[in-house]
Structure formats: C-alpha cells, structure tokens
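# Remarks on the overall topology
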Amino acid sequence: MTKLAPFFILLAAMLWGTTGTTQALAPENTHPIAIGATRLAVGGLFLLFLVLVTGKLTIKNWPIKATVLASLSMALYQPLFFSAVTITGVAIGTVVAIGSAPILAGLLEWIYLKNRPPIVWWYSTILSILGCLMLFMNKQSLYVDPVGILLAIGAGLAFASYTLLSRDLVTNYSPLSVVAVIFTLSAICLSPFLFIFDMSWIASFRGVGVSLQLGIMATGVAYFLFARGLAHVSSSTAVTLALAEPLTAALLGVIMLGEYLSKTSWLGIFLLLFGIGLLIWSSKSSNRPIVMEAK
C-alpha cells in the first residue's frame, strides 16, 4: 500500500483535472461558485452514503478541532479559487493557486511540525511549478489583478491547510470516514450558495450529468484516493504530486475541446512530468514512503 500511495494521489489529481472540461460542458447559465457548492454537496452526500453502507464510520474520540478546521479549509478553497479565476483570469488564477499550494504546504510543515523538506522535494516542486507556469503561458491575454492574486494565494493556503490537517486524521482513522465527515461539513458550510445563485441549470440532463461527474468522480472518489495516499506520504509531497491536475486539464482540453497548446506549453508538460516522476523515483529508490526530514 505504501508503494502505491503516490499513484493514488496522481489518480486523484487526474480526476480533479477533469473539472475544467466538465465545467466547460455545463449549461451556459451556470455560475462557477454555484458549481463549486453543488460539487461539494453531491460529493459530501455520496461519501456519507458510502461510509454508512460500508459501516466504516467511526466517531469515537474523533478530533473535533482538526476536523472543523479541515472542513473550513475545503469550504474556503472553492469560492476563493473560483473568485480568483473570475477576477484575474484562468491562467494567472490557476498558476498562483496551484503553484503556491506546494510551497505553502512545505512551509506549514516546517513551521508547525518542525519538518524540513528534503532536497529532492525542492527540485521536484520547482520543476513542477515552472512547468505549470509554462503550461498556462500564452493561453490567453494575461491580466494581473492584486485582489485576484491574493484570493488565489488564499486558495493555495486553504488546500495546503486541508492537506496538512487531513494527514493526521487519515493516519489514525479510516480515510473513507475522514473524507465523508469533512466533505459533509464543507457542503453544509457552502449550502447557502445553493440558494443565492440560479440553480435552474441543475434540472437539465446536462446539468445532472455535470453535477454527478463533479460530485462523485472529481470529488468523492478523487478525495478518497487522495486520503488513502496521504496516509503514507507527507502533505507537502502530496500537494506537489497533485500538480498533475493542470496537466490532465490541459491534455483533456486538447483532446475533448479542441484547444491548442504552444511549444512552450508542451515543454511545461515535460517539466511537470519530470518533476512528478522525480518524486516517485525518489520514493521507490529509497524503498520507503516520501517523508520529510527532521529539522
């Protein structure tokens, strides 16, 4: 199971990478924040149903503080990310949010857990972030808005915090129970958005398909796999491996939406693959899970 942990996270990131293509296929009157709220609502209900059916829900001695903070982090990530993308554009918003998350995760582990990132993590993270930046370069006219940048960094911090908090939970409790509880609470936090925005799109055939894909596959299954992998790798390593998300999104855009990638973008894909492969190779060559070095 330990050797498969990085691949669980990569598979989760690939499922997250389908969200952009899925949103592009959503009805025209769909608001991004409404999609985020719907995604958590469907995903939370799916995970809750799954954990009840399998009988793996354990709430004895459950750490309330960590669970609430993880739920709030995930709930905050959705509106922060979608708002950042709306204000400063998809390219800048995505690069800042996704690119800042591994660095922030490493800093959080360093500060709060007194664990220093190993050299291979720094090499992999720098290569992957550079690849992510090149991947989105020249895809559209870039507009840098200070408010959008702050919101994107906030989204990166929220995801890094969720990962750090969840790692302690999944090492002591069933990963399925952890994600079911966290996403149910997160969905409750974002439920007001379901009444603020126009939700008529969800009644259409396409709206139902988009909701189920985002909620079940890109949220429920994806975060369950992420939690399984997170139990055996550090949170900073997990967030770096999750950079496979924009890689998947870009390739799906080419295959399904007919988008064009420049030579710079293809070079970015190569750097992303190389950076992620470096982490996996380091894990296998050391014959142990990728962890952080003690300070």
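Just above, that's the structure.
Here's what I pulled together on the structure shown here. (Residues numbered from 1 in each chain as written. Predicted model: local features only at pLDDT ≥ 70, side-chain atom pairs only at ≥ 80, totals over all residues. Heavy atoms only, no water.)

### A look at a nonpolar patch on the surface
This is how it is decided: Patch criteria: residues need more than 30% relative accessible area and no salt bridge. Like-charged residues are merged within 9 Å; nonpolar side chains of Val, Leu, Ile, Met, Phe, Trp and Tyr are merged within 5 Å. Surface accessibility follows the Shrake-Rupley procedure with a 1.4 Å probe radius. Residue values consider only the protein chains on display as shielding. The working definition used for a salt bridge is a side-chain nitrogen of Lys or Arg within 4 Å of a carboxyl oxygen of Asp or Glu. Strands are runs of DSSP state E lasting at least 2 residues, helices are runs of H or I lasting at least 4, and numbering of each runs from the N terminus.
A cluster of nonpolar side chains, contributed by L25, L251, I255, M256 and W266, occupies part of the molecular surface with about 520 Å² of accessible area. Among the elements that take part in the nonpolar patch, helix α12 (residues 244–256) stands out by supplying three residues, more than any other. With respect to the secondary-structure elements, L25 resides in the loop between α2 (19–24) and α3 (32–54).

### Section: the side chain of T125
Note the threshold: Here's how the labels work: a residue is buried when its accessible area is under 20% of the maximum for its type, exposed when over 50%, partly exposed in between, all with a 1.4 Å probe on protein chains only. Each polar contact in these results corresponds to two N or O atoms within 3.5 Å; when the atoms are within protein, one needs to be able to donate a hydrogen and the other to accept it, and residues that are neighboring in sequence are counted only if both atoms are side-chain atoms. Any two residues having at least one pair of non-hydrogen atoms within 4.5 Å are treated as being in contact.
The topology assignment puts T125 in helix α6 (residues 119–136). The exposure class assigned to T125 is buried, which follows from its relative accessible area of 2%. A polar contact is formed between the side chain of T125 and the backbone oxygen of W121, at a distance of 2.8 Å. Residues contacting T125, with those up to four places away along its chain left out, are P102, I103 and T240.

### Details of the environment of A152
Along the chain, A152 turns up in helix α7 (residues 146–170). Judged by relative accessible area, A152 falls into the buried class, the value being 0%. When the C-alpha positions of A152 and F81 are compared, they lie 5.7 Å apart, and in sequence the two are 71 residues distant. When neighbours within four sequence positions are excluded, A152 is seen to be in contact with A84, G93, V96, A97 and S100.

### As for the nonpolar core
Put simply, the rule is: For the purposes of this section, nonpolar cores are sets of buried Ala, Val, Leu, Ile, Met, Phe, Trp, Tyr and Cys residues that join through side-chain atoms within 4.5 Å.
The biggest cluster of nonpolar side chains holds 65 residues, and the ones touching the most others in it are W16, F159, Y162, V179, F183, Y223 and F226. When residues of this core are assigned to their parent elements, the largest contribution, 10 residues, is made by α7. Sequence-distant contacts of F226, that is, excluding residues within four places in its chain, are made with I9, A12, W16, F159, Y162, T163 and A238. Membership of the second largest hydrophobic core comes to 12 residues, among which are I98, L135, F136 and L272.

### Structural notes on the packing of aromatic side chains
Just so we agree on the cut-off: Working definition: a ring pair exists when centres of Phe, Tyr or Trp rings (six-membered ring for Trp) sit within 6.5 Å. Plane angles under 30 degrees give stacked, over 60 give edge-to-face, the rest tilted.
Per the stated rule, a full pass over the model turns up 14 aromatic pairs. Pairing F183 with Y223 gives two aromatic rings, centres 4.6 Å apart and planes at 50°, and the pair type is tilted. Of the two residues, F183 sits in helix α8 (residues 175–190) while Y223 sits in helix α10 (residues 205–230), which places them 40 residues apart along the sequence. Measuring from ring centre to ring centre gives 6.3 Å for F270 and F274, while their planes differ by 20°; the resulting arrangement is stacked. With F270 and F274 both in helix α13 (residues 263–286) and four residues apart, the pair spans about one turn of that helix. Through a chain of ring-to-ring contacts, the aromatic side chains of W16, Y77, F81, F159, Y162, F183, Y223 and F226 assemble into a single cluster.

### What to know about the environment of A13
Of note, A13 is situated in helix α1 (residues 5–16). According to the relative accessible area criterion, A13 is buried, its value standing at 0%. Residues A13 and V53, 40 residues apart in the sequence, show an inter-C-alpha distance of 26 Å. Discounting chain neighbours no more than four positions away, the residues touching A13 are L241, A242, A244, E245 and T248.

### What to know about the side chain of S128
Mapped onto the elements, S128 comes out in helix α6. Engagement of the side chain of S128 in a polar contact is seen with the backbone oxygen of S124, the distance being 2.8 Å. Leave out the neighbours within four places in its chain, and S128 touches T240, L243, L271, L272, G275 and I276.

### Description of the packing of α6 against α12
Rules: To get an axis, fit a line to the C-alpha atoms, keeping to the stretch in contact for a helix; angles then go from 0 to 180 degrees between the N-to-C directions. Angle categories are assigned with fixed cut-offs, so that under 35 degrees is roughly parallel, over 145 is roughly antiparallel, 65 to 115 is roughly perpendicular, and the rest are oblique. The hand of a helix crossing depends on one turn: near helix anticlockwise from the far one by less than a right angle means left-handed, and clockwise means right-handed. Throughout, the ten residues Ala, Val, Leu, Ile, Met, Phe, Trp, Tyr, Cys and Pro are labelled nonpolar, Asp, Glu, Lys and Arg are labelled charged, and all others, Gly among them, are labelled polar.
Here α6 crosses α12 at 25°, and the two axes come no closer than 10 Å. Between α6 and α12, the crossing angle belongs to the class labelled roughly parallel. Crossing geometry of α6 relative to α12 is assigned as left-handed. Contacts from C132, L135 and F136 in α6 reach P246, L247 and A250 in α12. In terms of residue class, the contact of α6 with α12 is made up of six nonpolar, no polar and no charged.

### Some points on the packing of α7 against α8
In contact at an axis separation of 9 Å, α7 and α8 are set at 135° when each is read in the N-to-C sense. By the angle between their axes, α7 is oblique relative to α8. Viewed along their axes, α7 and α8 form a crossing whose handedness is right-handed. Contacts from Y162, S166, L169 and V170 of α7 reach α8 at P175, V178, V179, I182 and F183. Looking at the contact of α7 with α8 residue by residue, the class counts come to eight nonpolar, one polar and no charged.

All we've got here are geometric facts, nothing functional implied.
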